[in-house]
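# Residue-level structural notes
Listed below, chain by chain, are the residues.
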There are 4 protein chains.
Amino acid sequence: MGTFHEVVELSGHIIDSWSLPRAWDTIMDRGGNFTVQEISIGKQKSESSYARFQVEAPDPETLELIISELQQFGAILVDAHDTQTEMVTQDGVLPPNFYSTTNLPTQIRIGGKWVLVENIEMDVVVVVEAEKQRAYCKPMHEVSKGDQVVVGHKGIRVQPYERERGHETFAFMQSDVSSERAKVLAIKNIARQMHEIRERGGKILFVLGPAVIHTGAGRYVAELIRRNYIHAIFGGNAIITHDIESALFGTSLGVNLKTGEQVEGGHRNHLRAINAMRGVGSLEKAIEIGLLREGITYEAVTRGLPLVLAGSIRDDGPMPGVITDMPVAQHHMREVVQDVDMTIMVASMLHAIATGNLLPARVRTVVVDINPAVVTKLADRGTFQAAGLVTDAELFLRELLESINQLEKELA
Amino acid sequence: MGTFHEVVELSGHIIDSWSLPRAWDTIMDRGGNFTVQEISIGKQKSESSYARFQVEAPDPETLELIISELQQFGAILVDAHDTQTEMVTQDGVLPPNFYSTTNLPTQIRIGGKWVLVENIEMDVVVVVEAEKQRAYCKPMHEVSKGDQVVVGHKGIRVQPYERERGHETFAFMQSDVSSERAKVLAIKNIARQMHEIRERGGKILFVLGPAVIHTGAGRYVAELIRRNYIHAIFGGNAIITHDIESALFGTSLGVNLKTGEQVEGGHRNHLRAINAMRGVGSLEKAIEIGLLREGITYEAVTRGLPLVLAGSIRDDGPMPGVITDMPVAQHHMREVVQDVDMTIMVASMLHAIATGNLLPARVRTVVVDINPAVVTKLADRGTFQAAGLVTDAELFLRELLESINQLEKELA
Amino acid sequence: MGTFHEVVELSGHIIDSWSLPRAWDTIMDRGGNFTVQEISIGKQKSESSYARFQVEAPDPETLELIISELQQFGAILVDAHDTQTEMVTQDGVLPPNFYSTTNLPTQIRIGGKWVLVENIEMDVVVVVEAEKQRAYCKPMHEVSKGDQVVVGHKGIRVQPYERERGHETFAFMQSDVSSERAKVLAIKNIARQMHEIRERGGKILFVLGPAVIHTGAGRYVAELIRRNYIHAIFGGNAIITHDIESALFGTSLGVNLKTGEQVEGGHRNHLRAINAMRGVGSLEKAIEIGLLREGITYEAVTRGLPLVLAGSIRDDGPMPGVITDMPVAQHHMREVVQDVDMTIMVASMLHAIATGNLLPARVRTVVVDINPAVVTKLADRGTFQAAGLVTDAELFLRELLESINQLEKELA
Amino acid sequence: MGTFHEVVELSGHIIDSWSLPRAWDTIMDRGGNFTVQEISIGKQKSESSYARFQVEAPDPETLELIISELQQFGAILVDAHDTQTEMVTQDGVLPPNFYSTTNLPTQIRIGGKWVLVENIEMDVVVVVEAEKQRAYCKPMHEVSKGDQVVVGHKGIRVQPYERERGHETFAFMQSDVSSERAKVLAIKNIARQMHEIRERGGKILFVLGPAVIHTGAGRYVAELIRRNYIHAIFGGNAIITHDIESALFGTSLGVNLKTGEQVEGGHRNHLRAINAMRGVGSLEKAIEIGLLREGITYEAVTRGLPLVLAGSIRDDGPMPGVITDMPVAQHHMREVVQDVDMTIMVASMLHAIATGNLLPARVRTVVVDINPAVVTKLADRGTFQAAGLVTDAELFLRELLESINQLEKELA
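Residues numbered from 1 in each chain as written. Chains lettered and ligands numbered in written order. Predicted model: local features only at pLDDT ≥ 70, side-chain atom pairs only at ≥ 80, totals over all residues. Heavy atoms only, no water.

An unreviewed UniProt entry lists chain A under the name ornithine cyclodeaminase, with Ktedonobacter racemifer DSM 44963 as the source organism. For chain A, the Cofactor (unreviewed entry) comment in UniProt is given as "NAD(+)". (UniProt positions renumbered as here; feature names shortened; annotations may be inferred.)

### Describing the interface of chain A and chain C
Each side of the interface is counted separately: chain A has 50 residues, and chain C has 50 residues. Taken over both partners, the interface formed by chain A and chain C buries close to 4,300 Å², and the fraction arising from carbon and sulfur atoms is 55%. The largest per-residue losses of area from chain A upon contact with chain C belong to A:Arg268, A:Ile313 and A:Arg314, which jointly make up 18% of the total buried on that side. If you look at where chain A meets chain C, you find zero salt bridges. For the pair chain A and chain C, the number of links is 21 residue pairs in polar contact (both at pLDDT 80 or more). Within the residue set of the side of chain A that touches chain C, elements represented by two or more residues are α2 (60–71), α7 (268–280), α10 (326–337) and α11 (350–358) of chain A. A total of seven residues in the side of chain A that touches chain C trace back to one element, the largest contributor, which is α7(A). (Contact = heavy atoms within 4.5 Å. Buried area = accessible area lost by both parts, 1.4 Å probe. Salt bridge = Lys/Arg side-chain N within 4 Å of Asp/Glu carboxyl O. Polar contact = N/O pair within 3.5 Å; in protein donor to acceptor, adjacent residues only side chain to side chain. Helix = DSSP H or I, 4+ residues; strand = E, 2+ residues; numbered from the N terminus.)

### Looking at the pattern of salt bridges
Throughout the structure, instances matching the rule amount to 84 salt bridges over all chains. In this structure, the salt-bridge partner of B:Glu299 is B:Arg303, at a minimum N-O distance of 2.8 Å. For B:Arg303, a relative accessible area of 41% corresponds to the partly exposed category. A salt bridge links D:Glu38 to D:Arg52; the shortest N-O distance between them is 3.0 Å. Of this pair, D:Glu38 sits in strand β2 (residues 33–40) while D:Arg52 is found in strand β3 (residues 49–57), placing the two residues 14 residues apart along the sequence. Here D:Glu38 falls in the partly exposed class, since its relative accessible area comes to 37%. Here D:Arg52 falls in the partly exposed class, since its relative accessible area comes to 22%. Residues participating in the shared-partner salt-bridge network are A:Arg198, A:Glu199, A:Glu223, A:Arg226, A:Arg227, A:Glu299, A:Arg303 and A:Glu408. (Buried < 20%, exposed > 50% of the residue type's maximum accessible area, 1.4 Å probe, protein only.)

### What about empty space enclosed by the protein?
Its volume calculated, the largest cavity comes out at about 200 Å³. Here the lining of the largest cavity is composed, by residue class, of twelve nonpolar, five polar and six charged. (1 Å grid on protein atoms, 1.4 Å probe; cavity = no way out; pocket = protein on both sides within 12 Å on 5 of 7 lines; lining within 4 Å. Points joined across faces, edges and corners; volume = space filled by probe spheres on them. Nonpolar A, V, L, I, M, F, W, Y, C, P; charged D, E, K, R; others polar.)

### What to know about the relation of the copies chain D and chain C
Note on the copies: chain D fits chain C at an RMSD of 0.1 Å, the axial shift is 0.0 Å, and the rotation between them is 180°. Expressed as a symmetry operation, the mapping of one chain copy onto the other fits a two-fold axis. If distances are taken from each C-alpha of chain D to the rotation axis, the shortest is found for D:Asp392, at 2.8 Å. Interface overlap between copies is the fraction of interface residues in one copy that are interface residues in the other; for chain D against chain C it reaches 100%, indicating a shared surface. (Least-squares fit on C-alpha atoms with pLDDT ≥ 70 in both.)

### A closer look at the relation of the copies chain A and chain C
When chain A is fitted to chain C, the residual RMSD is 0.1 Å, and the transformation amounts to a turn of 180° plus an axial shift of 0.0 Å. Comparing interface residues between copies, 100% of those in chain A also sit at the interface in chain C, which points to an isologous, same-surface contact.

### Here's the deal with the packing of aromatic side chains
Residues and elements named next belong to chain A. Applying the stated criterion across every chain, the model contains twelve aromatic pairs over all chains. Ring geometry for Trp24 versus Phe34: centroids 4.6 Å apart, planes at 20°, classification stacked. Of this pair, Trp24 sits in helix α1 (residues 19–29) while Phe34 sits in strand β2 (residues 33–40); the two residues are ten residues apart in sequence, bridging distant segments of the chain. Taking relative accessible area as the criterion, Trp24 reaches 2% and is therefore assigned buried. By the ring-pair criterion, three or more aromatic residues cluster together here, those being Trp24, Phe34 and Phe53. (Phe/Tyr/Trp six-rings, centres within 6.5 Å; stacked < 30°, edge-to-face > 60°.)

### Points about the packing of helix α3 (residues 183–199) of chain A against helix α13 (residues 393–411) of chain B
Two quantities define a packed helix pair, namely the angle between the helix axes and the distance between the axes. The geometry of α3(A) relative to α13(B) is characterised by a closest axis approach of 9 Å and an angle of 85° between their N-to-C directions. Taken together, the axes of α3(A) and α13(B) are roughly perpendicular relative to one another. Each of A:Lys183, A:Val184 and A:Ile187 in α3(A) lies in contact with α13(B), whose residues at this interface are B:Glu394, B:Leu395 and B:Arg398. Along the lines of polarity and charge, the residues of the contact of α3(A) with α13(B) split into three nonpolar, no polar and three charged. (Axes fitted to C-alpha atoms, helices over the stretch in contact; angles between N-to-C directions. Parallel < 35°, antiparallel > 145°, perpendicular 65-115°, else oblique.)

### Comments concerning unusual backbone geometry
Here the amide bond leading from A:Gly317 into A:Pro318 is cis, since omega sits at 0°, within 30 degrees of zero. For A:Pro318, the location among the structural elements is in the loop between β16 (307–310) and β17 (322–323). Phi angles above zero are rare outside glycine, and B:Ala347 is one such case at about 55°. Here B:Ala347 lies in the loop between β18 (342–346) and α11 (350–358).

Shown next as structure tokens:
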């Protein structure tokens, strides 16, 4: 064993941030080995450490696999080369050895210089425009003939995710999916962050599932929009349909939101709401003629918020405004997420995962769901920055608005 | 088929309350058949209906099984006899053909007269004192030599459970286990009922799991005790231990309830809390000497509330006051439940099911848990009167107190 | 109260099948009342019953609501009229008072004759071609100018769903969502029904989620296709992608299905599989040139099975063959379900609900998922004929194949 | 900051096993700091590393907290002292500063020598008999006046848990709670380990919940006992009651295990089973007189297996043989677990957690449950060695027996 090798280096808070042990773990888990060539450890938490070691593997494939995984902990090949690219020869088809991204900040070396990859997201490829010293992400189906796509693992540098300390903001929720913790504290914390982002003109994205409407919590979201705490909304046909059903008829899934009683059998009101909007042609028109006068959709449209509604195979209708073609909908979502600072996902699984796929790791992400599996699924699929809050969507939103009210009072 | 038969009658709102169709269903599901002898149907919902029919079965066992199930819908054997009893010949052992109770109001015929069974609960037996015209429930392990225990199915009358209408109080939660409904409405409703029970001097029992403390919601429960909205508490070693841990150290499972941070590794504070109480000998003593000064336990003990703490096999300690022997603990719980008007179970599975086993069907029961399975389990085991609220325990209790505050203001 | 009224009649096993009590319940739950005009009850379970009663309501809306709900229990307006229709005046937009279907067999009266509605599914409308004495379903977005759409509630007859008896096939699973029952018995039963359907040339549809592949259970499905037990497949981008990943690389989500070990970081193999198929252009081509040689996709395509793959907003790729536009995908699914006899849904939530929306109530439907919420959701949305099996997808499929093997041996 | 300090050392595979980074993490999370005095890193994975560093904290309490947590990663105070003890002055009450154990192998220094603590389990204390150079665990309620109990953190050495590599047996299940993995592989692996333990005369403990019986899987467990693959059983009143119900009447919770049909209303058979055993007085007697002739209980009792049945507050009966007093039941469980090599917990939450509390970390533990929360709960409470298998209990046991059959054939 060990005839194939490569020397890598790691630097920074590599022990404290677990990069080094995770790197060594990975090497051994994959059946490789390593020999340390140089190591210097910071004496205090403020000091940097450095390690250089040779990675050995029984075959070139394993070596490449190990190197690609080490890059996610920030490892750099010592024997530095420029990144390699290959040209796309068929629209929507990648060269075989394409490099697949993570959602972490990534640099590639072009002409001896490290260049930051723009619009980073996971599981896509990097297109290089060498003459402009630019590199950016593209999903597979958007590459076109002539694109230069990064292949292999040379000349790539990924900045690892550094989890926050127990004493720092936000940290106490990190990867906590338990319902057995004090949620009021976490909610106050989220309120504080939303306020701070709003103050500095940042951007907060809400991803919403239909239970928000069924539980009567739509009014809290509408209020948050009016108060300028929400700057973009993602959802599907169901949330918008029930939101408009509730604006037109006072019901959601036929349940009166004021009394909790079923006022109509089946889904009829929901179909009537869709039909009414289809009749006038668009949400904008419905607002203009005074047919739609309240609710999340009303607030979002009148304020010009980006509202991306992606359809799904189980939809009735659909409601005007819902994008039924999936790549088109993803494209719109991609445009919105790039400058988002915080994302709050409430009672949505499908759209939460879809959004998680597109978010850079730097975006603060809170997933609120009564079902712990939703939170777990998101983390499993790579959105590891997501902090989970296993709680009731309705009471969460009510408490969030209340916390913001209190905070504003304190700061006034 | 059909050589074994018995004539039964049903009366009251037997179609409207589904008693008749359920009865016929049962007969056919069990492989029997029936012939209607007389039927008269009320013309309006306010009128009573009546049905008399012969039940036929292929063998005596099936016939007996069917009759026993029909009794739960209120069927009475036309050929009325007194109830039959047999004498217990060995302490804690029943005669083979014992009648096993439901949690519904039950009468038995003694000397031609119908007598109400006292202290009804499910899955126990009825002991008759014929000379006193009395009948009451006993669990198997408490019967003693000489007890006359009801056997067979003659002379027994069970009053079926009539579910409430959509327009009536409480009905909208009935058997609803969904988290996708407006909980704020349901909580206001519960607040109203608690207030009404308090006003008329009724009795409200809370069954609490440790998550109430871990989430920092103990203070809402303590406040409800102080305000006289809680009149008895059931729980286990964990809830009391964490309640006292929080009173002594400000933590629960080592997490600071004010900051959400872990202040101590492992369970040490929890063990220290138990040890401190063991050191002084009892909860009462700890309060007396000023060691324990706040929390649910403090409020309950100083107000003299029945506080039944039943141990379990996973307990550390235990804390003084916890009953470690199960039949002893059940005995104490039985004493408390008999005059309870309403039970609210929060974030507890083991103690909720145990309490559900003992509650008469007439007791309003609300089960609050973030896990829908808890609600389902309780209903599956026969506590069908339990209304489920799938929501967050912490936010539920916070909102409940808030709703009570509002209600008191409105009524003031 | 009661100035608005209408006389309806119910006949058949209306007590035994709970139609009558449910009808009365509904009337009262909605705030109406009723007066019985005639009632005759069958003396034995084989005899039919009959009831005619006047429904009274405080206002015309409530009356209409009640009538529309009673129709789902088979009630017919005594004062029989032909069904009413209104013409569509704008493509994809319905007349305001449209009748929204259930998934139950439905007849409408045209020119004094009762005509069966073709292609019945829930939540769509009925288009009438009076001159041809025909009526069929259309989803809202497919209606076009000039279509005559059924409105109101006159001249409509719905055949209620009659649940099966305890002694009959399939009944024991009916609406049972518990994991605490003997699943081996249920699986044997399903095997028997699949065999019977296959023998008589019937059609079995499988709806599959990606966990089928991740758990290595794809090979059981492939074998069932080869043995002619599966006649159509619905799924999404994920199942086909992982199926092809497993055929090409022996992994699913990068986990080696033979050893259970992770052989590749992240989703790379999955992207490589998509890329490979995109490179050759289509699944058919990939099979033709010998690139794709095994798996569910391979078996389905080579045998010409309808394979409808509907995309979703969280998809990578997509894989060739996946339909990215939702109404188009629904259209294909609609074509396939009409002559299906049985549907088995395994480890899929999104596609299971979507399929459930389209299935007529007569289609035997089994939902297999480890999460009880999936089963509950499907039933909540109207697919009440779905029998739930809360169990492990992998072990279910393994056991299903084993049961079929045994059954074939017994019958050989 | 940093006026309070202590020098500790760590050695072994401290980077590879993550001990060092976790130690540094802990120091900083708790608000302390550190200065490295010496560090040497192994150049290859086979070589040991060594680190000595000074821990600094703002106050003595924080310092002590940090030290106590570092000990769990194997840190030793350089300034080595003998362990300190204090005498118990009141039965069942500990000295205030007691040391609370983990479930990891632990040594304490007595008279300059390191002595292994016997019967290690978590959350108990260490009693020292200095003259005999012995130390062993005792739960709080069992300490008696005069016992010397370890206090503080000096002279204590904990051997950290080293997780296994990807290539090693068992590792692939480690902390995996997903249902989306190939379970057949994991089950084969468990079968192999059980076989190996049986061959070398080791001891396998099964902890069983009642769903094992309800699903008809009791026969697989009975067969495993007969084949000498199970050497001790823990459970509660429910499992034994339903096991005996099934042996006497062929039902579980009244459901016929051969047909899946309900043969009796409510819990009657279950009460009859308990009553029958109470009538004869004991399980042994029931077997002796030929009343109990099959099932798990029968096999366990006739083979003399330790069968510890701990009651709970929700029990009916109880069945003879069930221990109703919790500390007594725990005492019996403690006796059994000490020489156990492997524990398999199936469909049990209460008894699984209770057993997990008592198990040393070295015991291979597999938790099988359809509910992922059970697995998570166990790990959260410190039984971190538990490997979770989220799957169906019935199909798991069926497959386990099948895998053992295959394995025996291969080895024959």
